[in-house]
Amino acid sequence: MQLSIDLTGRDVLVAGSATAARQAVRRYEAAGAVVHRLETPHSATLTRLPEELFLVAAVADGQPGWVTFLDRCREAGIPVAAEPAAGSAGHVTLVGGGPGTSDLLTVAAVKALRDADVVFYDRLAPYQELPLLTSAKLVDVGKKPGHHKVSQADIEKLMVESALAGNNVVRLKGGDPYVFGRGGEEVAACVAAGVKVQVVSGVTSAISVPAAAGIPVTHREVSHLFTVVSGHAPLTEKEHEHLAGLGGTIVVLMGIGTLHQLAAGLRRAGMRPDMPMAVVERGYRPGQRTTIADLGTITSAAAGCSNPAVLVIGEVVRVAEANRQHVGAAADLDRLAASLLGS
Ligand code: SAH
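An account of the accompanying structure is given in this report. (Residues numbered from 1 in each chain as written. Predicted model: local features only at pLDDT ≥ 70, side-chain atom pairs only at ≥ 80, totals over all residues. Heavy atoms only, no water.)

Some details on the packing of aromatic side chains
Note the threshold: Pairing of aromatic rings covers Phe, Tyr and Trp, the last through its six-membered ring, and needs centres within 6.5 Å; plane angles under 30 degrees mean stacked, over 60 mean edge-to-face, and all others mean tilted. The cut-offs for exposure are 20% and 50% of the maximum accessible area for each residue type, with area from a 1.4 Å probe on protein chains only; residues under the lower value are buried, those over the upper are exposed, and the others partly exposed.
Taken as a whole, this structure holds two aromatic pairs when the rule is applied. Aromatic pair tyrosine 121 and tyrosine 127: ring centres 5.7 Å apart, planes at 15°, arrangement stacked. By relative accessible area, which is 11% here, tyrosine 121 ends up buried.

A look at the side chain of aspartate 117
Put simply, the test is: Secondary structure elements are taken from DSSP: a helix is a run of H or I of four residues or more, a strand is a run of E of two residues or more, and numbering for both begins at the N terminus. Here a polar contact means two N or O atoms within 3.5 Å. Within protein one must be a hydrogen donor candidate and the other an acceptor candidate, and residues neighboring in sequence count only if both atoms are side-chain atoms. Here a residue-residue contact requires only that any non-hydrogen atoms of the pair lie within 4.5 Å.
Locating aspartate 117 in the fold gives a position in the loop between helix H4 (107-114) and strand S6 (118-121). Among the polar contacts made by the side chain of aspartate 117, one reaches the side chain of arginine 26 at a distance of 3.2 Å. A polar contact of 2.7 Å, which involves the side chain of aspartate 117, links it to the backbone nitrogen of asparagine 168. With near-sequence residues (within four places) excluded, aspartate 117 lies in contact with Arg22, Gln23, Arg26, Ala136, Lys137, Gly166, Asn167 and Asn168.

Details of the nonpolar core
Stated formally: Among buried residues, the Ala, Val, Leu, Ile, Met, Phe, Trp, Tyr and Cys ones that are joined through side-chain atoms within 4.5 Å form a nonpolar core.
Formed by 22 residues in total, the largest nonpolar core has its most connected members in Ile250, Leu266, Val279, Ile298 and Ile313. When residues of this core are traced back to their parent elements, those giving at least two are strand S11 (249-253), helix H10 (259-268), strand S12 (276-281) and strand S14 (309-313). Of all the elements, H10 adds the most residues to this core, at four residues. Aside from chain neighbours lying at most four places away, what touches isoleucine 298 is Leu259, Ala263, Met277, Val279 and Ala293.

Thoughts on the sheet that holds S12
Under the convention used in this document: Two strands are counted as paired when DSSP detects at least two bridges linking them. In this analysis an axis means a line fitted to C-alpha atoms, helices contributing only their contacting stretch, and an angle means the value between N-to-C directions, from 0 to 180 degrees.
Strand order in the open sheet formed by five strands is S10-S11-S14-S12-S13, with mixed pairing between adjacent strands. The strands lining the two open edges of the sheet, one partner per strand, are strand S10 (226-230) and strand S13 (289-294). Strand-to-strand, the axes of this sheet are offset by a mean angle of 20°, without reference to chain direction. Pairing analysis gives five bridges linking S12 to S14, with the strands arranged antiparallel. Pairing of valine 280 across the sheet is with valine 310, part of S14. Relative to S14, helix H8 (residues 205-212) is tilted by about 80°, and along the sheet it contacts S10, S11, S12 and S14.

Remarks on the site of the ligand
This is how the line gets drawn: Nearness here has a simple test: a residue counts as near a molecule or strand if at least one of its heavy atoms is within 4 Å of that partner. Here the term cavity refers to a set of points on a 1 Å grid, laid over the protein atoms alone, in which a 1.4 Å probe fits but cannot get out; the term pocket refers to an open set having protein on both sides within 12 Å along at least five of seven lines, with lining residues being those that place an atom within 4 Å of a point. The rule for placing a molecule in a cavity or pocket is simple: more than half of its atoms must lie within 2 Å of the grid points. In this classification, the charged set is Asp, Glu, Lys and Arg, the nonpolar set is Ala, Val, Leu, Ile, Met, Phe, Trp, Tyr, Cys and Pro, and all remaining amino acids, among them Gly, are polar.
For the ligand, the set of nearby residues contains 19 residues, the closest of which are Pro99, Val179, Thr204, Ser205 and Ala309. A distance of 2.8 Å separates a nitrogen atom of the ligand from a polar backbone atom of glycine 283. At a separation of 2.6 Å, an oxygen atom of the ligand approaches a polar backbone atom of alanine 309. More than half of the atoms of the ligand fall within 2 Å of the grid points belonging to the largest pocket. Of all the secondary-structure elements, those providing two or more residues to the shell around the ligand are H8 and S14. The class makeup of the residues in the shell around the ligand is eleven nonpolar, five polar and three charged.

With respect to empty space enclosed by the protein
Where we set the bar: Grid points are joined across faces, edges and corners, and a volume is the space filled by probe spheres set on the points.
Counted under the stated rule, the structure contains one cavity of 30 Å³ or more. If you add up the space inside the largest cavity, you get close to 40 Å³. Residue lining of the largest cavity: Val229, Ser230, Gly231, Pro234, Leu235, Val252, Thr258 and Leu262, and that is the complete set. Looking at the lining of the largest cavity residue by residue, the class counts come to five nonpolar, three polar and no charged.

Details of the sheet that holds strand S2 (residues 34-38)
Strand order across the open sheet formed by four strands is S2-S1-S3-S4, with parallel pairing between neighbours. The open sheet is flanked by S2 and strand S4 (80-83), the only strands paired with a single partner. On average, each strand axis in the sheet is tilted by 25° relative to the strand beside it, whichever way the strands run. Here four bridges tie strand S3 (residues 53-59) to S4, and the two strands are oriented parallel to one another. Considered in S4, the bridge of valine 59 is made with glutamate 83. Across the face of the sheet, helix H1 (residues 18-30) comes into contact with strand S1 (11-15), S2, S3 and S4 while running at roughly 165° to S2. The sheet strands contacting helix H3 (residues 66-75) are S1, S2, S3 and S4, and the helix crosses S3 at an angle near 155°.

Take a look at the structure:
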């Protein structure tokens, strides 16, 4: 259980060196407290404490002299809260942000965001909720004023420079960093610059967005494999043949622009025109929409669909349909029961 106290307008003294205390200072300021600072135990002997001190936040900065000061505070009846020290050497954490809702962030992602000094985020990550999850500086690298994306090389440069300046940098990406997320390149850029880097896996849209539409990517006796493909560029004839030959579920990301080529290619490779297909747009976001058709009709059925969207091709699409009918049937039974009870 987490308890929270309203700190608005309360005097809070943060005790600890500038580097170690920087995150604690930001957190208390973000919570609305009036923050007072003591950087060394020596300064504590010289400074008069504010009259109405509500709390002392003691940062574990390794300076031995704090004990006496903190004992004095406790004796005076002022509560003392222990705060972890922020590291002095910056580092980068690539964080998978899931498909766009903070509900699908991992515990490790929430923790990394909380401890960050700066967050570079994309539009596919759950960016709207960021101010609630972190007091870090937020930098949108998905879109700049003028609507140009920051280039991949510039993102890597910004990240590395910020970490070298001593910041805990979070690079927040949509889904999982290693699924069409250029995570490998960003790790390589950090390694090349001698910056410590770690990766926090995320919930990929390849599985979670079909799930948002009730589609399981595997289902016993229906599909025992799924292939995740990028639709960024059209596939080759060989790739169409291999995909059609596998007989499992095909999940396509970034596939709206090449949907026509994909459907035609799979048809040429021998896939049945009545193979069910779904386009799931804006999973977990306002305006989520599912379009269901089959391989022969999808191009016209999905004419109005736009990115971000995940395409699913395979018999598993029917499982979702069957489950929906089941839910529908249950609702009908409920209504029947209610009307019988009512009469
Ligand atoms: N690393 C990401 C994928 C990045 S590629 C991941 O693991 O999910 C970007 C593509 O992901 C989009 O074009 C779209 O196909 C898919 N995508 C990501 N989030 C989505 C969402 N909320 N709804 C639908 N598609 C999404």
